[in-house]
Each structure stands twice: as structure tokens, then as C-alpha cells.
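What the coordinates show
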Amino acid sequence: MKLNNIEIQNIYMLGIGGVGMGALAQYFLYYGCRVYGYDRARSEICEILENKGAKIHYQPNINLIPNDIDIVIYTPAISIDFDELQIIKNRNLPIYKRSDILAMITPQLETYAVAGSHGKSTITAMLSHIWSTANRDFIAMVGAVVKNYENNFIINGEPKEFIVEADEYDKTFLKFSADTGIITSIEPDHLDIYKNFDALKGAFREFANKIKNEIWIDENVNLQTDKNINTYGLSNKSDIYAYNIRLEDGKFVFDIYSNYHHVKIENLKLNIAGMHNIRNATAAIAIALSKNINIDQIKKAIKTYPGLKRRLDLIYNGKSKKYYDDYAHHPTEIDTLFDTLKTLYPDKTFCAIFQPHLYSRTSYLADDFASSLSKWDRIILLDIYPAREKPIDGVTSEWLLSKIDNNNKYLMSKDELLTNLNNISEDILVTIGAGDIDSLREPIKNKLMEYEA
């Protein structure tokens, strides 16, 4: 295949097991390319890729890099002094970041880019499911595995449209050439990249100004742009809004009215919990209406939307305990998670098992994390997951624990957690974080099954 006049047949990808890189690898596999790669651990994404023919190794080994590679793609999570990357540079191979490749793909297809501090994976997945239900020709790259599809790369027909999560990390989304855009929220994060909140907001402004056609922004986002913006939310001041929201048999039911499209849709049913997901659905519906997707298809898609893995994911539903897993890694996301669980189980008690993600994020948002975690009935902190970072002096889980205003708080290793699991008296356990805490899903589930047998 050709991409920006580059003839591509053999590709090598560093950090291939991440969701973003994995989706890109599947894109190349779909078009008949040979894909090779490295990652430090075999993830669910790696298993998907290997089943599709990708060749992946899990220990750095320059001898496993083929000689006939056309391009190399790497994720910013790979350190610039990583041995394999240095060897590749010495071989003078063309090297691109994942964002550079996305920048080459987006002009070729009608692109819908979903940006924001929270909710972008869910909206990207919702759009993908609506497009799939409507049998449109598209590719989607989602920032999490979509249930039922069991993948974060979705393709249908001969693609003419591209639905993609537009990540603000490393300023990736500023490289996109998008026709339609969504901004869900803007909150302090990735300040290791942006240095301050004003710079982050400036990047979102630049993203919005680059959108060619419609830009939809959550009603709670205050962002001045050079473009006419459309708003979505739960208020009738928005151009499209959800209202008459109610719970029926444990499921959210709501109506939609769009001043922009002059359309009313009644009795939409959503199988995933949380008021934030009503907002997410409203954003996806706005785009679907703009693309003239049939209302019956929209209603069917919203009703059958399966949700994402690691988004309030019920892992164990026992006689006396329930266990959920969630990707939340920002204080606002933890607040939203807590509020959603309280809505579903107002009379239950909750234990949060949290693995902080990144030293920089923990440092910048420590007081907010402490406030969010203090609400839970029991808090267990694991060590900080460093990802791409080196430690910051004084920034530890023990330091964060000291800030939490709750007497029922503990610092544990993963092994200690599993050993002490039977001492947790709360009704509902939730593992929370964006690191490798999901590796505890099966061990915790198995222990709970053993205790309740």
C-alpha cells in the first residue's frame, strides 16, 4: 500500500501492544502489509494481532528486527534511549510516531475526531456502533476494547469514513485533519507535556479551529474558538440535549431534542449506567443526525451499545459481593465512578482499590485525588504505575495516602491485597486505574468465588 507516496509492505512497531498502536497495526494488516513489533508484555491487543498474523517479541532483541522494513512506527511511551530505537535510527530507517501516521490517514477519509479529557473512548465506540448498525463503510480506532466486537479496531465494508479517538497526550490531536470534531471536556492533565492548564486549553482551541465542518462541544466546556460551535448536554440551552431522563428496570431511558436538526427522539434506552454516558450518547447522536442516519437505526444502536472493557466492568456478581473494574485515572473520573455506583447501589458500601498512574499526574493532582478517594468506605492504594516516567522525589503512594481524609485507608502490594481480600467487608469492590491493575481481575474474581463457595 501507499501512504503519502511511501510504498509500505513491511512495518515494525515499537510498543505495538497499546490500544492506539494495536489499532494502527490492524489497519496495516487489513491492507495486506506484514507487521512486526515489540512490546514488553503480551496484552489482549497483542493476542488479537498475533491471531491476525503479526509477529511480536517481548524481550528487546535487535536480531528480531527484519532487514526489509519499510517504516518504523513508535509510541511516545517508548523511551527515546531505548536500545532497539537507537539501533533503528542507526540503520537510517524512516521513523514515525503513531500520530504522524494518523495525520497521513485522516485526509484520505471523512474523519470524525473525538477529543476531550474524559469520555472520548466511549463516544468513539458509540459512533462506531451506530455506524455499524447503519451498515456504513468505515474504519474506527477506539481507545479501549469494545465489548461484543472484542476489539478496538472496527472496520465495515470498503472504508470511506474514519472514526478516531483524538488524544491530547503528546499533542497528537493537533496533527489530525478532521471533518467533524467533538470536545467532551477539558481538565488539567498531561501537564508534563503542556506545563500549565492555559497551554492545554490553547491546544484544544487549536484542535477546534482546525475542524473543517461541524464541531460539537459539551455545554460545560468554556472554550473560545474562531469557529461556530454547536453544544450538547442535558440543558435545553444546548443545541441538542437529553431530557426526561429516568431509570426503568435498572436501565436509563431518555428523550432527545435537537434545535440544530429540528428533531425529537423519544424513549431512547441505554444499557450502560451513569449520567455521563447520557451526555456521551447525546454527542454521538448529534453526529449521527448530521450524517442523516435513520432515527430507528440510532435508537437500535443506543439500545444495543455493548460498552467498553474496563468501563464500570462487572467482573464478579456474587451472593454477598460484587466486583467491578474501571479505567478511571483522573480525580473527575473517580468522582463520576463513585456517583454512578451510588446511584445504582444507594444502600451499599464501597472499597476502592486504586493504582495511581504516572508520577507527574499524581503530583499535579494529589489534593484532588485525595478528595475523590476520601469518599469511599475503604481505600487501598497500590504503588504508582510509572508507565513512561522516572520517579519524582517524594511522590509516592504513601505520600498520597497521607492526604486522604479517611481512617479506613491502606497501602498494599498486589500480593498483600490478594492475601487480605477476605478481610474486606464492603459490599462492592472496584479496581481503578490505567496501569496494569487489570492484571488483578482474574485473581480477585477467583479469590471471591473461593470465599463465597
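Before reading further, recall that the structure is shown in the block above.
Analysis parameters
Residues numbered from 1 in each chain as written. Predicted model: local features only at pLDDT ≥ 70, side-chain atom pairs only at ≥ 80, totals over all residues. Heavy atoms only, no water. Helix = DSSP H or I, 4+ residues; strand = E, 2+ residues; numbered from the N terminus. Buried < 20%, exposed > 50% of the residue type's maximum accessible area, 1.4 Å probe, protein only. Pairing = 2+ DSSP bridges. Axes fitted to C-alpha atoms, helices over the stretch in contact; angles between N-to-C directions. Parallel < 35°, antiparallel > 145°, perpendicular 65-115°, else oblique. Left-handed = near helix turned anticlockwise from the far one by under 90°. Contact = heavy atoms within 4.5 Å. Nonpolar A, V, L, I, M, F, W, Y, C, P; charged D, E, K, R; others polar. Polar contact = N/O pair within 3.5 Å; in protein donor to acceptor, adjacent residues only side chain to side chain. Phe/Tyr/Trp six-rings, centres within 6.5 Å; stacked < 30°, edge-to-face > 60°.

**Comments concerning unusual backbone geometry**
- Backbone geometry at aspartate 170 places phi at a positive 60 degrees, although glycine is not the residue there.
- Structurally, aspartate 170 can be placed in the loop between strand S11 (161–165) and strand S12 (180–183).
- Residues other than glycine seldom take positive phi values, yet histidine 262 does so here, at roughly 55 degrees.
- For histidine 262, the location among the structural elements is in the loop between strand S16 (251–258) and strand S17 (263–270).
- Accessibility expressed as a relative area gives 66% for histidine 262, which makes it exposed.

**Observations regarding the pairing of strand S21 (residues 378–381)**
- Neither face of S21 is open: one carries Arg378 and Ile380, the other Ile379 and Leu381, and all of them are buried.
- Relative to S21, strand S20 (residues 350–354) runs parallel, the two sharing four bridges. Looking at S21, one finds that phenylalanine 354 is bridged to leucine 381.
- With three bridges joining them, S21 and strand S22 (residues 409–411) adopt parallel strand pairing. If you follow leucine 381 over to S22, its bridge partner there is leucine 411.

**Some details on the packing of helix H5 (residues 120–133) against helix H9 (residues 295–304)**
- Two elements in contact, H5 and H9, have axes separated by 9 Å at closest approach and are oriented at 130 degrees. As far as their axial angle goes, H9 and H5 are oblique. The handedness of the crossing between H5 and H9 comes out as right-handed. Mapping the contact onto sequence places His129, Ile130 and Thr133 in H5 and Gln297, Lys300, Ala301, Ile302 and Thr304 in H9.
- In terms of residue class, the contact of H5 with H9 is made up of three nonpolar, four polar and one charged.

**Brief notes about the side chain of asparagine 156**
- Note that asparagine 156 resides in strand S10 (residues 151–156).
- Within the structure, the side chain of asparagine 156 is placed 3.1 Å from the side chain of asparagine 135, a separation counted as a polar contact.
- Among the polar contacts listed, one links the side chain of asparagine 156 to the backbone oxygen of arginine 136, at a separation of 2.7 Å.
- For asparagine 156, the residues in contact, after removing those within four places along its chain, are Asn135, Arg136, Asp137 and Phe138.

**Quick word on the packing of aromatic side chains**
- Tallied over the entire structure, the rule returns 15 aromatic pairs.
- Their ring planes at 80 degrees and their centres at 5.2 Å tell us that tryptophan 216 and tyrosine 260 sit as a pair that is edge-to-face. With tryptophan 216 in strand S13 (residues 215–218) and tyrosine 260 in the loop between S16 and S17, this pair connects stretches of sequence that are 44 residues apart.
- A residue is classified by how much of its surface remains accessible, and tryptophan 216, at 0% relative accessible area, is buried.
- Tyrosine 260 sits in the partly exposed class, given a relative accessible area of 35%.
- With a centroid separation of 6.3 Å and 55 degrees between ring planes, the pair formed by tyrosine 324 and tyrosine 345 is classed as tilted. Here tyrosine 324, found in strand S19 (residues 322–326), pairs with tyrosine 345, found in the loop between helix H10 (331–344) and S20; they are 21 residues apart in sequence, far enough to count as distant.
- For tyrosine 345, a relative accessible area of 16% translates into the label buried.
- Cluster of aromatic residues (ring-pair linked, three or more members): Tyr27, Phe28, Tyr30 and Tyr31.

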